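What follows is each chain in one-letter form.
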Amino acid sequence: MPDSDLRVHEDVRVDTSHGDHERFAHYVQKNKIVDSAVNGTAGTATLDPTDLLINVNDQPNDGTNLDFTADDSITVNAGVTISSRQIGTGTDALSSPSTGNSGNISFEAPQITVGDGSDILANVEPGSSFKPGNITMTADSSVEAATAVSNATITIGNATLSAGNITLKATADATADNTVNGFVQATLNDALLGFLVTGPAAVDTSSATSTITIGNPNSPGKAVLEAEGEVVIDSEATSETKVDVVGAPEGVAYGKADANATVTLGSNATITAGASSI
């Protein structure tokens, strides 16, 4: 892509040895919170519920930094505009001239979804003397358990994201360690083993999946990501399993780790970055 700076990164790591890392997990009740508006002086407005559903426009029009954080999920409904731009009253949120610097917009939750027809705007118009803000989406899931399943997902439909820099990062970490988390007793019948263990065995498994999807080819319109600077798309998954034999010297232990990291750009997705060449 000429005159652009676009980086796409997929990283998969599977480790069946002991990983000595601090981990945490979110296990919480669903509690929907609807963001109706964020208004105030230019600064930072933060929303931090369990599940965040944004179903109306959020346009402070004063350069406020907008931080959306949730323990479980963030959903921007179809057709919603979220803008940190400063523009004249009643003008078009995407293309109207800026009257001041734009604020930053950030989303942080294990699952982030932006619906079709939505606009996430922290840009300024070309040639403006004012500065654009950045858009950052961070999906981070870290789970430690005897059966550890971690999923981090960013899904952007046919929406428009416009900013100085755009960063999309999904990171999934799953750790199963029976010396810390205990184990599941099971009868093993895994085809990969080539044999059947009829007695109880100590079983620990971990699975980590990180996914970033941009564009919805099954719906009208297109996904547009445009940045004056960088567009960075990063998907990483790490899975670790450690098992110690239980009931030695005749005990049986089984560990399995799976990791999968993907980035999918739909056929109707357009990404434009700034003046750097690759």
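Thresholds applied
- Per chain, residue numbering runs from 1 following the sequence as it is written.
- pLDDT decides what is reported in this predicted model: residues at 70 or higher carry local features, side-chain atom pairs at 80 or more are listed and counted, and totals for whole chains, interfaces and linings draw on all residues regardless.
- The side-chain quantities take in all heavy atoms of the structure and omit both hydrogens and water.
- A run of H or I in DSSP counts as a helix once it spans at least four residues, and a run of E counts as a strand once it spans at least two, with each numbered from the N terminus.
- To sort residues, take the accessible area from a 1.4 Å probe on protein chains only and compare it with the maximum for the residue type: under 20% means buried, over 50% means exposed, and anything in between is partly exposed.
- In this description, contact between two residues means that some pair of their heavy atoms is separated by no more than 4.5 Å.
- Working definition of accessibility: Shrake-Rupley area with a 1.4 Å probe, residue cover restricted to the visible protein chains.
- Here a polar contact means two N or O atoms within 3.5 Å. Within protein one must be a hydrogen donor candidate and the other an acceptor candidate, and residues neighboring in sequence count only if both atoms are side-chain atoms.
- We call a set of buried residues a nonpolar core when its members are Ala, Val, Leu, Ile, Met, Phe, Trp, Tyr or Cys and they connect through side-chain atoms within 4.5 Å of each other.
- When a carboxyl oxygen of Asp or Glu lies within 4 Å of a side-chain nitrogen of Lys or Arg, that pair is called a salt bridge.
- Strands are treated as partners if at least two bridges between them are detected by DSSP.
- Cavities and pockets are found on a 1 Å grid laid over the protein atoms alone: a cavity is a set of points where a 1.4 Å probe fits but cannot escape, a pocket is an open set with protein on both sides within 12 Å along at least five of seven lines, and a lining residue has an atom within 4 Å of such a point.
- Grid points are joined across faces, edges and corners, and a volume is the space filled by probe spheres set on the points.
- The nonpolar class holds Ala, Val, Leu, Ile, Met, Phe, Trp, Tyr, Cys and Pro. Asp, Glu, Lys and Arg form the charged class, and all remaining residues, Gly among them, are polar.
- Fitted lines through C-alpha atoms give the axes, limited to the stretch in contact for helices. The angle between two N-to-C directions lies from 0 to 180 degrees.
- The predictor reports its confidence for every residue as pLDDT, a score running from 0 up to 100.
- Only the six-membered ring of Trp is used, alongside the rings of Phe and Tyr, when aromatic pairs are assigned; centres must lie within 6.5 Å, and planes under 30 degrees apart are stacked while those over 60 apart are edge-to-face, with the rest tilted.

**With respect to the overall build of the protein chain**
Right, so step 1: A tally of helices and strands in the protein chain yields zero helices and 22 strands.
Right, so step 2: Counting every position in the protein chain, which comprises 278 residues, the buried fraction comes to 45%.
Right, so step 3: At a minimum sequence separation of 6, the contacts of the protein chain that also span at least 24 residues come to 70%.
Right, so step 4: A total accessible area of about 12900 Å² is found for the protein chain, and carbon and sulfur atoms account for 49% of it.

**What about the environment of Asp67?**
Right, so step 1: Mapping Asp67 onto the fold places it in strand E5 (residues 65-69).
Right, so step 2: Each C-alpha atom of the pair Asp67 and Glu108 lies 8.1 Å from the other, and the pair is 41 residues apart in sequence.
Right, so step 3: Within polar-contact distance, the side chain of Asp67 engages the side chain of Ser106 at 2.8 Å.

**What to know about the nonpolar core**
Right, so step 1: In this structure, Ile82, Phe107, Leu161 and Leu168 are the most contacted members of the largest nonpolar core, which totals 47 residues.
Right, so step 2: Top contributing element to this core by residue count: strand E16 (residues 166-177), with five residues.

**Considering the pattern of salt bridges**
Right, so step 1: A full pass over the atoms with the stated rule returns one salt bridge.
Right, so step 2: Put simply, Arg85 and Glu125 hold a salt bridge, and the shortest N to O gap is 3.6 Å. Note that Arg85 is positioned in the loop between strand E7 (81-83) and strand E8 (86-87) and Glu125 in the loop between strand E12 (119-121) and strand E13 (135-144), a separation of 40 residues in sequence.

**Considering the pairing of strand E15 (residues 160-163)**
Right, so step 1: Residues Thr160 and Ser162 of E15 are buried on one face, and the alternating residues Leu161 and Ala163, pointing to the opposite face, are buried as well.
Right, so step 2: Where E12 and E15 come together, three bridges link them in parallel fashion. Along E15, the bridge assignment pairs Leu121 with Ser162.
Right, so step 3: Sheet topology places E15 next to strand E19 (residues 223-227); four bridges connect them, and they run parallel. Paired with Ala163 across the two strands is Ala227, which belongs to E19.

**Some details on unusual backbone geometry**
Right, so step 1: Residues other than glycine seldom take positive phi values, yet Asn61 does so here, at roughly 65°.
Right, so step 2: Tracing the sequence through the fold places Asn61 in the loop between strand E4 (51-54) and E5.

**So, the environment of Glu108**
Right, so step 1: Along the chain, the position of Glu108 falls in strand E10 (residues 105-108).
Right, so step 2: The spacing of Glu108 and Ala170 is 62 residues in sequence and 9.9 Å in space, taken between C-alpha atoms.
Right, so step 3: For Glu108, the residues in contact, after removing those within four places along its chain, are Phe68, Thr69, Ala70, Ile74 and Thr138.

**Digging into the layout of surface pockets**
Right, so step 1: For the second largest pocket, the calculated volume is near 160 Å³.
Right, so step 2: Lining of the second largest pocket is provided by Leu94, Asn123, Val124, Glu125, Pro126, Ser162, Ala163, Glu226, Ala227 and Glu228.
Right, so step 3: Elements with a minimum of two residues in the lining of the second largest pocket: E15 and E19.
Right, so step 4: Taken together, the residues that form the lining of the second largest pocket break down as five nonpolar, two polar and three charged.

**A word on the sheet that holds strand E22 (residues 269-272)**
Right, so step 1: Reading across the sheet, the five strands line up as E7-E12-E15-E19-E22 and stay open at both edges, with parallel pairing between neighbours. Lying at the two open borders of the sheet, with one neighbouring strand each, are E7 and E22. Between one strand and the next, the sheet's axes are offset by a mean angle of 5°, whatever the strand orientation.

**Quick notes on the confidence of the model for the protein chain**
Right, so step 1: Averaged over every residue, the pLDDT of the protein chain is 79; the share at 70 or more is 69%.
Right, so step 2: Ranking the elements of the protein chain by mean pLDDT puts strand E2 (residues 32-35) last, at 31, and strand E11 (residues 111-114) first, at 98.
Right, so step 3: Predicted confidence is poor over residues 1-8, with pLDDT under 50, and the contacts of this stretch with residues over four places away or in other chains come to 27 contacts.
Right, so step 4: This stretch, residues 14-41, has a pLDDT under 50; its non-local contacts, to residues over four places away or in other chains, come to 64 contacts.

**Quick notes on the side chain of Thr64**
Right, so step 1: Its place among the elements puts Thr64 in the loop between E4 and E5.
Right, so step 2: Polar contacts involving the side chain of Thr64 include one to the side chain of Asp62, which spans 2.4 Å.

**Let's talk about the packing of aromatic side chains**
Right, so step 1: This model, assessed by the stated rule, comprises one aromatic pair.
Right, so step 2: Geometrically, the ring pair formed by Phe68 and Phe107 is stacked, given 5.2 Å between the ring centres and 20° between the ring planes. With a gap of 39 residues between them, Phe68 in strand E5 and Phe107 in strand E10 connect regions that are remote in the sequence.

**Digging into the pairing of E10**
Right, so step 1: Burial of E10 is one-sided: the residues Ile105 and Phe107 facing one way are buried, the residues Ser106 and Glu108 facing the other way are not.
Right, so step 2: Bridging between E5 and E10 involves four bridges; their strand directions are parallel. Across the sheet, residue Thr69 finds its bridge partner in E10, namely Glu108.
Right, so step 3: Looking at chain direction, E10 and E13 are connected through four bridges and run parallel. By the bridge assignment, Phe107 is partnered in E13 with Met137.

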